[in-house]
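# Coordinate analysis (summary)
Below, each chain spelled out in residue letters.
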Amino acid sequence: TSRTLALYCRNIALCIGVLFCLIKRIGTMLKTLSVVGPTDGSWSQTLSHHNLLAVVEIAGTEHAHATIHELVTAITNSCEGVVSMDLARLKTLMASLPLTSQTHVLLGFLQGNVLYLVSSGNGTVYIKRGRKCVQILSGSASMSGQLKPNDRIILCSPIFARLIQSKNHHELFGQEPFT
């Protein structure tokens, strides 16, 4: 049942402390689902601020929680009052962040029906359109594209990306395997 599946997904995410951000475009509203917490070697967090989305994961540091808080605060402050964004501006925001080789950040901004994405580190982004789910961004990269009604965008921290690659995708998301 869908309730069992929802509990299954929630428990998997909570147990391993991964971060998952699933976005559904409904008019101009974004709906996000996130799980935040530590794993054995990292800490993850999401941010949804107006039309800005961020996924942050820091690996291998004892002060990861404080560092993530600083990053999320910097991202939020940089976007306060921003009503429009383009890819160049999102790249500038990413370049302004104090990132290390242990930091993985995905930034997304939805303007109208255009989604802008910038990644630093090893994050992954998938789009689910209809019954197909396809990887559209991986590693340090950027892109933009037009969303269609009912598209789902999945922003994954490195740990969550590994988790969903190893699970039965039909059980988790009700579609064909990721490609």
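Scroll up to find the structure.
Residues numbered from 1 in each chain as written. Predicted model: local features only at pLDDT ≥ 70, side-chain atom pairs only at ≥ 80, totals over all residues. Heavy atoms only, no water.

### As for the overall build of the protein chain
The cut-off we apply is this: In this description a helix means any DSSP run of H or I spanning at least four residues, a strand means any run of E spanning at least two, and both kinds are numbered starting from the N terminus. Burial classes: relative accessible area under 20% of the type maximum marks a residue as buried, over 50% as exposed, and values in between as partly exposed (1.4 Å probe, protein chains only). Contacts between residues were defined by any pair of non-hydrogen atoms, one from each residue, lying within 4.5 Å.
When its secondary structure is counted, the protein chain shows five helices and eleven strands. Within the protein chain, the fraction of its 179 residues that count as buried is 45%. Taking contacts inside the protein chain between residues at least 6 apart in sequence as the whole, the part at least 24 apart equals 54%.

### Notes on the environment of alanine 64
In this fold, alanine 64 is placed in helix H2 (residues 64–79). For alanine 64, a relative accessible area of 5% corresponds to the buried category. With 23 residues separating them along the chain, alanine 64 and glycine 41 place their C-alpha atoms 9.5 Å apart. Discounting residues that sit within four places of it in the chain, alanine 64 has contacts with Trp43 and Ile58.

### Some points on the nonpolar core
Selection criterion: What makes a nonpolar core is a set of buried Ala, Val, Leu, Ile, Met, Phe, Trp, Tyr and Cys residues whose side-chain atoms join them at distances within 4.5 Å.
Ranked by size, the top nonpolar core spans 23 residues in total, and within it Leu52, Val56, Ile75, Leu90 and Leu107 carry the most contacts. Within the residue set of this core, elements represented by two or more residues are strand E4 (42–49), strand E5 (52–59), H2, helix H3 (87–96), strand E6 (103–111) and strand E7 (114–120). Core analysis: the second largest hydrophobic core is formed by twelve residues, Leu110, Val125, Leu137 and Leu155 among them.

### Here's the deal with the pairing of strand E11 (residues 152–156)
For clarity, the cut-off: At least two DSSP bridges between two strands are needed for those strands to be called paired.
Of all five residues in E11, four are buried, a share of seventy percent or more. Note: strand E8 (residues 124–129) against E11, five bridges, orientation antiparallel. Opposite valine 125, over in E11, you have leucine 155 as the bridge partner.

### A word on the state of the cysteines
This is how the line gets drawn: Any two cysteine sulfur atoms within 2.5 Å of one another count as a disulfide.
In the structure shown here, the tally under the stated rule is zero disulfides. Cysteine cysteine 133 shares no disulfide, and the gap to the nearest cysteine sulfur, in cysteine 156, comes to 8.3 Å.

### A closer look at the pairing of E6
Counting buried residues in E6 gives eight out of nine residues, a clear majority hidden from the surface. Of the pairings in the sheet, the one linking E5 to E6 comprises seven bridges and is antiparallel in character. By the bridge assignment for E6, glutamate 57 is matched with histidine 104. Direction of pairing for E6 relative to E7: antiparallel, over a ladder of seven bridges.

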